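# Examining the three-dimensional arrangement
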Amino acid sequence: MIAREKQAQLWSYLGGIARKNGFKAIAIGGTENHIHILLSLPASMALAKALQLLKGGSSKWMNDTGNHKFSWQEGYGAFTIGISQQSHTANYINSQFEHHRKHTFEEEFVAFLAKHKIEYDPKYIWG
């Protein structure tokens, strides 16, 4: 879990990892049990590599700064957006705390998959 008082520091740290590795974190936000990051990756950067850098570096930082035994889930969800959707997506990411007062992450994710007709097996999403 990501303590509320630690979130702003973690979001900033994730942004630093992105800058250090040549890509941009346009928006970062989340709650105690998940985060959303809007990334802009150069053509030379594979998404899997970017996520490896973000998850690995931030896990180490969380553990080094007092959140012992912190780790991210094994997988991740990734979706592309057009430039015309960037502002709306950033606003959505930046308002995660308010948004999840109405819907859990799990409810929202399954609704998103259904809306976009993405087939899934729950055992691969929730473990």
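In short, a report on the structure. (Residues numbered from 1 in each chain as written. Predicted model: local features only at pLDDT ≥ 70, side-chain atom pairs only at ≥ 80, totals over all residues. Heavy atoms only, no water.)

### Here we look at helix α3 (residues 86–94)
T89, A90 and I93 are the residues of α3 that are buried. Angularly, the buried residues of α3 cover 100° about the axis, an arc narrow enough to put them on a single face. More than 90 degrees from the buried face of α3, the exposed residues found are S87 and H88. Looking at the buried side of α3, the elements it contacts are β1 (24–30), β2 (35–40) and α4 (96–99). (Buried < 20%, exposed > 50% of the residue type's maximum accessible area, 1.4 Å probe, protein only. Helix = DSSP H or I, 4+ residues; strand = E, 2+ residues; numbered from the N terminus. Arc of directions from axis to C-beta. Contact = heavy atoms within 4.5 Å.)

### Here we look at the packing of aromatic side chains
Within the structure shown, the criterion is met by 5 aromatic pairs. Each ring, one from F79 and one from F112, has its centre 4.6 Å from the other, and the planes form 70°; the classification is edge-to-face. With F79 in the loop between α2 (47–64) and α3 and F112 in helix α5 (residues 105–115), the pair connects residues that are 33 residues apart, well separated along the chain. You can call F79 partly exposed: its relative accessible area is 41%. (Phe/Tyr/Trp six-rings, centres within 6.5 Å; stacked < 30°, edge-to-face > 60°.)

Honestly, that's just the spatial picture; any functional story needs more than this.
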